[in-house]
Amino acid sequence: MTMASQTWVTFTCGQSGNMDKNAYRIGEECDRQANMRPGCEVEPHVSFEKRCLCSMYLVESLIGTGGGGNVYKAWHTRLNKHVVLKEHKLTHPDSKASAHNEAEALKNVKSMYIPQVFDLFEEEGRCFTVMEYVKGTSYEKALELKMEYTETDIARWYFQLASTLQTIHEKNICHCDIKPSNIMLTSSRDVCLIDFNSAMVEGSPFRVLSCSPGYASPEQLNLFKEHRQGVDASQSIDWKLSDIYSLGATMYHMLTRRSPLENAQRDENLNTSQQFNSVLASAIEKSMNPDPSDRFESAKQLLQTLAITKAKIA
Ligand SMILES: Nc1ncnc2c1ncn2[C@@H]1O[C@H](COP(=O)(O)OP(=O)(O)OP(=O)(O)O)[C@@H](O)[C@H]1O
Ligand SMILES: [Mg+2]
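Note that the structure is predicted; figures quoted are calculated from it, not measured.

**Let's talk about helix H10 (residues 299-313)**
End to end, H10 covers 20 Å across 15 residues, agreeing with the expected 21 Å (1.5 Å per residue, within 8%). Those residues of H10 not exposed but buried are Ala299, Leu302, Leu306 and Thr309. Down the axis of H10, the sector holding all buried residues measures 80°, keeping them to one side. The exposed set on the far side of H10, more than 90 degrees from its buried face, consists of Ile308, Ala311 and Lys312. Next to the buried residues of H10 lie helix H5 (151-170), helix H7 (239-256) and helix H9 (278-287).

Structure representation (structure tokens):
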């Protein structure tokens, strides 16, 4: 999947999307630079807590902050249920189009493992996406809290996420920013893939180019660097294979509890360490091959392998 006719409007290089005080340690410098680009000035913080937006959404609390803005839990006063309001600041002419990107990516996707998008609205110069509230915690938080889980859990989650990738890739949508802060572990111990801000949607003229160190594929990282240096990176990368890499890197972190960034120069591959289940380790290693042509060739192929892996580990 290429991006030939798309314009990249925002650049982010973040590590995390939650409210942890250490959340920006890796991406901090890049984020600051991105925010200093002309037309991208940081706006003063506006809190919408305790307010009723769009005469319908009663904002209860701030549950996350990210590159795009704040994420609130709110009460939908007509449907009587919780929803999430994701704020996008409209700071430059293209930001409205990019704010719509996530809703555009998700509006026609149906999956158990992706939040449903309900609405988009504007209030006080802010644009909000209304989506399903996912009860749970992010993988990032689960790692931080040293939450207990087994290799069987990891194999099941990997399978669920690969099936999600298959669903979106079939619609020519690529996530482009899979990492622990963008995966929720739900209260039923399943997963949910969130944050389609940077998603590549076929036919959409705008997109956000992001790059999360450790999780971005080597080819995505190169593209990002070239763009920052002003090189016209008109050549493209295969974003589907890049998603497979990022998912592998995320599962690597879950399995080893070590960040793929800290452990970038892996002297020993997962398999030879014999510390982990070998079929699971092989799937992760293959997904994280630096050469895209040596990875799984599609999410479908990854899914087939994981079906066997899951059966063997159960
Ligand atoms: N649908 C949801 N249900 C529950 N919590 C959510 C939901 N969407 C987002 N969150 C919470 O808000 C945090 C930030 O959300 P998200 O990653 O979508 O924002 P972001 O602005 O794109 O962040 P970043 O740019 O840092 O990736 C998530 O890590 C999660 O904790
Ligand atoms: Mg995020």
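There's more to say after this.
**A short note on the sheet that holds strand S5 (residues 81-89)**
In a beta sheet, neighbouring strands are held together by backbone hydrogen bonds and run either parallel or antiparallel to one another. An order of S2-S3-S4-S5-S7-S6 is seen for the six strands of this open sheet, with the pairing classed as antiparallel. Strand pairing shows two members of the sheet lacking a second neighbour, strand S2 (52-53) and strand S6 (117-123), which therefore form its edges. By the bridge criterion, six bridges tie strand S4 (residues 70-76) to S5 in an arrangement that is antiparallel. Within S5, the position partnered with Trp75 by the bridge is His82.

**Regarding the confidence of the model for the protein chain**
Atom-level detail of predicted coordinates should not be read off regions where pLDDT is low. With 80% of its residues at a pLDDT of 70 or more, the protein chain shows a mean pLDDT of 82. Mean pLDDT values for the elements of the protein chain range from 32 in helix H1 (residues 28-35) up to 98 in strand S11 (residues 191-193). pLDDT under 50 marks residues 2-7. Its contacts with residues more than four places away, or in other chains, come to 10 contacts. Low pLDDT, under 50, characterises residues 14-44; the stretch is placed with 52 contacts to residues that sit more than four places away or in other chains.

What counts and how
Residues numbered from 1 in each chain as written. Chains lettered and ligands numbered in written order. Predicted model: local features only at pLDDT ≥ 70, side-chain atom pairs only at ≥ 80, totals over all residues. Helix = DSSP H or I, 4+ residues; strand = E, 2+ residues; numbered from the N terminus. Expected span 1.5 Å × (residues − 1). Buried ≥ 20, exposed ≤ 12 C-beta atoms within 10 Å, placed from the backbone. Arc of directions from axis to C-beta. Contact = placed C-beta atoms within 7 Å. Pairing = 2+ DSSP bridges. pLDDT = per-residue confidence, 0-100.

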